[in-house]
Amino acid sequence: MDLALTESQEMLKSAARTFMERECPRQVLLDLDRTETGISPEVWGRLARMGWLGLAIPAEYGGEGAGLLDTAVVYEQLGRGPLGGPHFSSAVLGAQVVLECGTEDQRREVLPRVAAGEDILALAYTEPDYGWGPESVKMTARRDGTDYILDGVKLFVHDAAAATHLLCVARTGDGSDPTAGLSVFLVDRSEPGVSVRIMSGFMAGLCEVRFDGVRVPAGAVLGEPGTAWSGLNRAFLKAAPVLCAYKVGGIEAVFEMSVSYSQTRVQFGQPIGRFQRVQDHIIDIVNHLDAARWTTYEAIWKLETGRPAEASVHLAKAVASEGFYRACNSAHEVHAGIGSVRNYGLVLYTKASRSLYNYLGDPKFHKRRLAHALEL
Amino acid sequence: MDFELRYTPEQEAFRKEVRAFLEANIPPELEEPVDPANLSYEQYLMRRELGRKLGERGWLFPTFPKEYGGGGLPMELAVIIEEELDRYGLSLPPYYNTGGTLGAPCILVWGTEEQKRYFLPPILKGEVRVWQLLTEPGAGSDLASVKTLAVRDGDHYIINGQKTFVGSLHGADWMWTIVCTDPNGRRHENLSWFMIPADLPGISMTPLDLLTAGGEGGASPGAKFTVYFDNVRVPAFNLVGGENNGWKVATTHLELEHGGAGSIRRNRIVDRLIEYCKTTCRNGQPLSKDPDIRDLLVECYIDAEIGRLFNLRNYWLRHTRRPRTYEGPQASLHRKVSGLRIAEAIVKALGPYALTNDPAWDPSGGHLEVFHRASIVATHPGGTIEIQKVIMARRIGIGRAVREEAGTVV
Ligand SMILES: Cc1cc2nc3c(=O)[nH]c(=O)nc-3n(C[C@H](O)[C@H](O)[C@H](O)COP(=O)(O)OP(=O)(O)OC[C@H]3O[C@@H](n4cnc5c(N)ncnc54)[C@H](O)[C@@H]3O)c2cc1C
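Residues numbered from 1 in each chain as written. Chains lettered and ligands numbered in written order. Predicted model: local features only at pLDDT ≥ 70, side-chain atom pairs only at ≥ 80, totals over all residues. Heavy atoms only, no water.

1. Quick notes on the overall build of chain B
To be explicit about the condition: Numbering of helices and strands starts at the N terminus; helices are DSSP runs of H or I of at least 4 residues and strands are runs of E of at least 2. Within these notes, the globule rule equals 2.2 Å times the number of residues to the 0.38 power, and the radius of gyration is based on C-alpha atoms. Burial here depends on accessible area, computed with a 1.4 Å probe over protein chains only, as a share of the maximum for the residue type. Under 20% is buried, over 50% is exposed, and the range in between is partly exposed. Any two residues having at least one pair of non-hydrogen atoms within 4.5 Å are treated as being in contact. Asp and Glu are treated as the negative residues and Lys and Arg as the positive ones, with His and the ends of the chain left uncounted. The atom standing in for a charge is NZ when the residue is Lys, CZ when it is Arg, CG when it is Asp and CD when it is Glu.
Check the secondary structure of chain B and you find 11 helices and 10 strands. Against the compact-globule benchmark of 22 Å for 410 residues, chain B has a radius of gyration of 22 Å, which places it among compact chains. For chain B, the spread of C-alpha atoms along the three principal axes comes to 75 × 45 × 45 Å. Put simply, chain B has 410 residues, and 56% of those count as buried. Of the contacts formed within chain B by residues at least 6 apart in sequence, a portion of 74% connects residues at least 24 apart. Of the side-chain charges in chain B, 47 are positive and 52 negative, and the distance between the mean point of each set is 4 Å.

This is the structure we're talking about:
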C-alpha cells in the first residue's frame, strides 16, 4: 500500500499550484467570475499550452494520455482557485463522452481540437424535468431522410455559453427501457436553430440551450444511433471523480482560509480559533475535506486499475458534493461578516459548491445508485 | 391558555379602520422588490411617506408612549396593525430603520427627559430614518472593544473612527452609534452612545459588495456601508445614557436585536416553498407528491412553526412585561440555523431550480434564490450563531459565576 502521489504527480501538482498562484490570483478569479463563460481567452490559452486540456485524452487523439489520477491532481489545484470555465465540461466530461460513444473517426476528428483548446464541448443532457438518469432524457430527434431534426430545450447545461460544440443527448428510438434509444449528437453551436442563453442566479455558467428544428446529418451521431447509454454511463463514471477532485481542492482552500483567519482574527482579546465553537466549524471542514479526498482518490485508483469502481464513484460524488456545500457554510460561520464581502473570495467557493452540487447528479442520486450497487 | 389572538368588537372595529387606512395609503408600486438590493429611491420615498402617515396616527411605534409621539396602544391593537401590514408583506416600520427600532427604546429607558422630548418624536412619527452603527473592522462580536473615539471639546465631542457593515440603501438622517469615550477606561466602563446627524461635516461612506445585505429582521437594508468619521463635531447633548455608561445602554439595544422583541409574523419562505411544490409539476406530478420532497417540506414546516412560536412567545413576553432570560437569543438562533437547514432542504428538493432566478425558469419569481443567499449571510447580523449560544448559556446560568440578566426592554 502507498497512498502517496508519485514523484511525477507531485511535480504536476506543484506546477498546477504555481500556475494558479501566478496566473489566477484572487483578483483575476473575481474578474473572471463576472464574465458569462467564467474564463478569458488568455487563461484558456494558457491551460491549453500547459497541456491540461488534453490530460484525460489518449495520446493517439492528440492528448497527453495522462490518466485519471494525473488529471485529478491538476483539477484539485484548479478547484483550489476556484477557476471556473469550461475546462471540466469540455476536456474531461465532453472528451470522455466522445471517447466512449464516438467512432474511431469521430475521436480522431474531435479530440485533438478539444485537447488543443480550439474546440470547446458542453454536454446538453439535462432538461426541465431535471435529472441525470437515462429516464430524464425525453427530448427526441426525428429522422428526416438521412438527417435528424433536433427539437427541444436542455436546461442547466454547464458551460454551454463558452462552448463551440454541444453534445446533445436525445432519443432516436423508443421502448420501455429508458437506457435504450439514446443518441449523442455533436452539434456546432453556430448551426441555425441552436440558441444558448446563460441562466441567472447564485450559480456559474449554467445555460438554457434551445434546439429549434436543428437539422444535422446522420454523421453527427456519435457511434451507433440509439446505443449511447452504456458509453455515456462509462463517461460519467470516469469524469465524476475528476469533478470530485476539483471539489476537494475547493474544500482544501476553504479550510486553509478558515484556519488562517481563525489564527489572525482577534476578538475578546484572543484569536477566534481559541473558541471551541469556532474550532468545531473548522473541524467539520477538515472532516469534509478528508472524507472527500479519500473517497475520491480511491474511486480513481479503482478506475485506473480496472477494478469494479461503480460503488466507489457514487460514494465519492455524494460525499464530495455534500462536503463542499457544507464546508462553505462552515467557513462562512468562521468568517462571519467579512466572508460575505465578495472581494474577500469565500463567496467564489460558495457559489461553486452550489453550481456543482447537481452536476452529474446530486447526492441523493448517487446515494440511490450506491444502494443499487450494494444490491440493497 | 389561549394561542388564538382574539378580538373584541372594538378591536375588530380598529382593524377595519387600519385596513381602510392601508388600502387608501399603500400604492401598488410600494411592493417589496424580490431582491431588496433593487429597492428604488422612489419606492423608498413612498415607504417613508407611508411611515409618516402611520406616525401621524401613532401607528408607526404603536406601543410607545403618546407623549413622545408613539401610539400609547395596548399590545392587542399593535398586533392588529402588524397583521394588517403583514398582508402587504410589510412590517413596522415599513422601511429599514434599525437605529429607530433599537435606538428609540434605548432612549426611552436611558435618555434624559429633554433627550426623550428631542429625539423620540421625529423617530416615532417617522420623520427621520436612523441606522445603527455598532460594528467596526476590529470589533464585531466583541462589541465592547470598539475604537471609534469621542473626545470632549467644550459643548461638543469630536468623533474619529470607522464603522462597517452598517446602513442601508438611500441614506439616513441620524446614526445611532456606540463609541469609546475613555480609551484608558476599564472594559464595559468606557463606552457611550451618540445620536449623530448624518449630514455633519466629516462623515463619509463607501459601499460594501456583499453576497446579500439582509438578515437583521424587519425591512431589509438592501446594501451595507463602511462609514468614516473624520473629526466630526457632535453636540454633547446627543450623548444618550451618560458618558461611559454605554454598555448598560447596549444591553437594551442588544436584547431587542437578539430577538427579544418577538414578532407575530410567519416564515413566508416556507409558505412560498410549499405553494411552489404544490403547483409545480415535474415528471407529470406535483413536486409535493414526491415522497422525498414531502419529507423535506415537512421538516421545513416544523422549523417554521417552531420559529413562529418562539417569536410569538417573545412578543407576548415583551408586551406583557414578563421576565425573560434566554428567550431572545433562542429565537434569533433558531432563525439562523433553521435558515441554513431550510436552504439546504430547498436545494435537495428542487435541485438547481433552488439557485436560479432566471425569469423563464423560476416559478418562485426569484424568492428562493434570494433566500438561499440570505440564509448564509443572515447568520451574522445582530450576533452570530455562536454568540447567540454564548448568551443563552450565560442566561441559563452556565459558563459564568453570575447568571446574566436579560437586558431591560420596553
Ligand atoms: C448583512 C449584515 C448586516 C449587518 N448590519 C449591521 C448593522 O446594521 N449595524 C452594525 O453595527 N453591524 C451590522 N453587521 C455586523 C454584524 O453585527 C457582525 O458581522 C457580527 O456581529 C459578527 O462580527 P464579525 O463579522 O466581526 O465577526 P467576528 O466577531 O470576527 O466573528 C468571527 C467568528 O468568531 C466567532 N466568535 C467571536 N467571538 C466568539 C466567542 N466569544 N465565542 C465563540 N465564538 C466567537 C464568531 O461567532 C464567528 O464565528 C451586519 C453584518 C452583516 C453580515
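Moving on from the model shown.
2. Side note on the overall build of chain A
Counting secondary structure elements, chain A contains 11 helices and nine strands. Computed over C-alpha atoms, the radius of gyration of chain A comes to 21 Å, within 12% of the 21 Å expected from 2.2 N^0.38 for 376 residues, which places it in the range of a compact globule. With the C-alpha coordinates of chain A rotated into their principal frame, the extents come out at 80 × 45 × 40 Å. Across the 376 residues of chain A, 59% fall into the buried class. A separation threshold of at least 6 residues defines the contact pool for chain A, and within that pool the share at least 24 residues apart is 73%.

3. Some remarks on the packing of aromatic side chains
For the record, the criterion: Note on ring pairs: Phe, Tyr and Trp rings are taken, using the six-membered ring of Trp, and paired if centres are within 6.5 Å. Classes follow the plane angle, with under 30 degrees stacked, over 60 edge-to-face and the rest tilted. By definition, being over a ring means that NZ of Lys or CZ of Arg is both within 6 Å of the ring centre and within 35 degrees of the ring normal.
Applying the stated rule across the entire model yields 25 aromatic pairs over all chains. Aromatic pair Phe156(A) and Tyr353(B): ring centres 4.9 Å apart, planes at 80 degrees, arrangement edge-to-face. Of the two residues, Phe156(A) is situated in strand β3 (residues 147-158) and Tyr353(B) in the loop between α9 (327-350) and α10 (367-377); the pairing between them involves two chains. Grouping residues by exposure puts Phe156(A) and Tyr353(B) together as buried. Measuring from ring centre to ring centre gives 4.7 Å for Trp176(B) and Trp193(B), while their planes differ by 20 degrees; the resulting arrangement is stacked. Within this pair, whereas Trp176(B) is found in strand β4 (residues 174-180), its partner Trp193(B) is found in strand β5 (residues 191-197), the two being separated by 17 residues in sequence. Comparing Trp176(B) with Trp193(B) shows no difference in burial state: the two are buried. Three or more aromatic residues joined by ring pairs make a cluster, and in this case those are Tyr75(A), Phe88(A), Tyr125(A), Trp132(A), Trp229(A), Phe236(A) and Tyr359(A). Here the guanidinium or amino end of Arg48(B) rests over the ring plane of Tyr95(B), the centre of that ring lying 5.5 Å away. Its guanidinium or amino end placed over the ring of Trp59(B), Arg57(B) lies 5.0 Å from that ring's centre, counting from NZ or CZ.

4. Some details on the nonpolar core
Stated precisely, the cut-off is as follows: As used in this record, nonpolar core signifies buried Ala, Val, Leu, Ile, Met, Phe, Trp, Tyr and Cys residues forming a set joined through side-chain atoms within 4.5 Å.
Core analysis: the biggest nonpolar cluster contains 150 residues, and Leu150(A), Phe211(A) and Leu350(B) have the highest contact counts within it. Take this core: its biggest share by element is 20 residues, from helix α7 (residues 228-264) of chain A. Not counting chain neighbours up to four residues away, the residues in contact with Phe211(A) comprise Ala124(A), Met139(A), Leu150(A), Asp151(A), Gly152(A), Lys154(A), Leu166(A), Cys168(A), Val187(A), Gly193(A) and Val194(A). By size, the runner-up hydrophobic cluster in this structure holds 46 residues, among which are Ile26(B), Phe61(B), Leu92(B) and Ala250(B).

5. Points about helix α8 (residues 291-319) of chain B
Residues and elements named next belong to chain B. Heads up, the rule is: Take the number of residues in a helix, subtract one, and multiply by 1.5 Å to get its expected span. Counting of polar contacts relies on pairs of N or O atoms within 3.5 Å, with two restrictions inside protein: one atom must be capable of donating a hydrogen and the other of accepting it, and residues adjacent in sequence are counted only when both atoms are side-chain atoms.
End to end, α8 covers 42 Å across 29 residues, agreeing with the expected 42 Å (1.5 Å per residue, within 8%). With a side-chain oxygen lying 2.8 Å from the backbone nitrogen of Asp292, the N-terminal cap of α8 falls on Asp290. Two residues or fewer after α8 comes Arg321, characterised by a positive phi angle close to 55 degrees.

6. Some words on the interface of chain A and chain B
Our working rule: Buried area adds together the accessible area that both of two parts lose upon being put together, with accessible area traced by a 1.4 Å probe. Salt bridge, as applied in this entry: a Lys or Arg side-chain nitrogen positioned within 4 Å of an Asp or Glu carboxyl oxygen.
Listed per partner, the contact involves 44 residues of chain A and 44 residues of chain B. Taken over both partners, the interface formed by chain A and chain B buries close to 3,700 Å², and the fraction arising from carbon and sulfur atoms is 53%. When the area that chain A buries against chain B is broken down by residue, the three leading residues are Phe268(A), Arg277(A) and Glu333(A), summing to 17%. For the interface between chain A and chain B, the tally reads five salt bridges. For Asp292(B), the salt bridge identified is with Arg368(A), shortest N-O distance 2.3 Å. The interface formed by chain A and chain B holds 24 residue pairs in polar contact (both at pLDDT 80 or more) in total.

7. Notes on the site of the ligand
The following threshold applies: Near residues are defined by distance, with any heavy atom within 4 Å of the molecule or strand qualifying the residue. We call Asp, Glu, Lys and Arg charged. Ala, Val, Leu, Ile, Met, Phe, Trp, Tyr, Cys and Pro are nonpolar, and the rest, Gly among them, are polar.
The local shell around the ligand holds 31 residues, among which Arg265(A), Glu333(A), Thr135(B), Ser141(B) and Glu386(B) are the closest. For the ligand, an oxygen atom lies 2.6 Å from a polar atom in the side chain of Thr384(B). Elements that contribute at least two residues to the shell around the ligand include exactly α9 (310-335) of chain A together with β1 (130-133), β3 (156-166) and α11 (385-396) of chain B. In the shell around the ligand, the residues fall into 16 nonpolar, 10 polar and five charged.

8. Re a nonpolar patch on the surface
Residue and element names in this part refer to chain B. To keep things clear, this is the line we draw: Like charges within 9 Å and nonpolar side chains (Val, Leu, Ile, Met, Phe, Trp, Tyr) within 5 Å are joined into patches, using only residues over 30% in relative accessible area that form no salt bridge. In this description, accessible areas are obtained by the Shrake-Rupley approach with a 1.4 Å probe, and a residue is regarded as covered only by the protein chains that are shown.
Side chains of Val298, Tyr301, Ile302 and Ile306 sit close together on the surface and give an oily, nonpolar patch of about 330 Å² of accessible area. Tracing the backbone shows Tyr301 in helix α8. Note on Tyr301: relative accessible area 39%, which makes it partly exposed.

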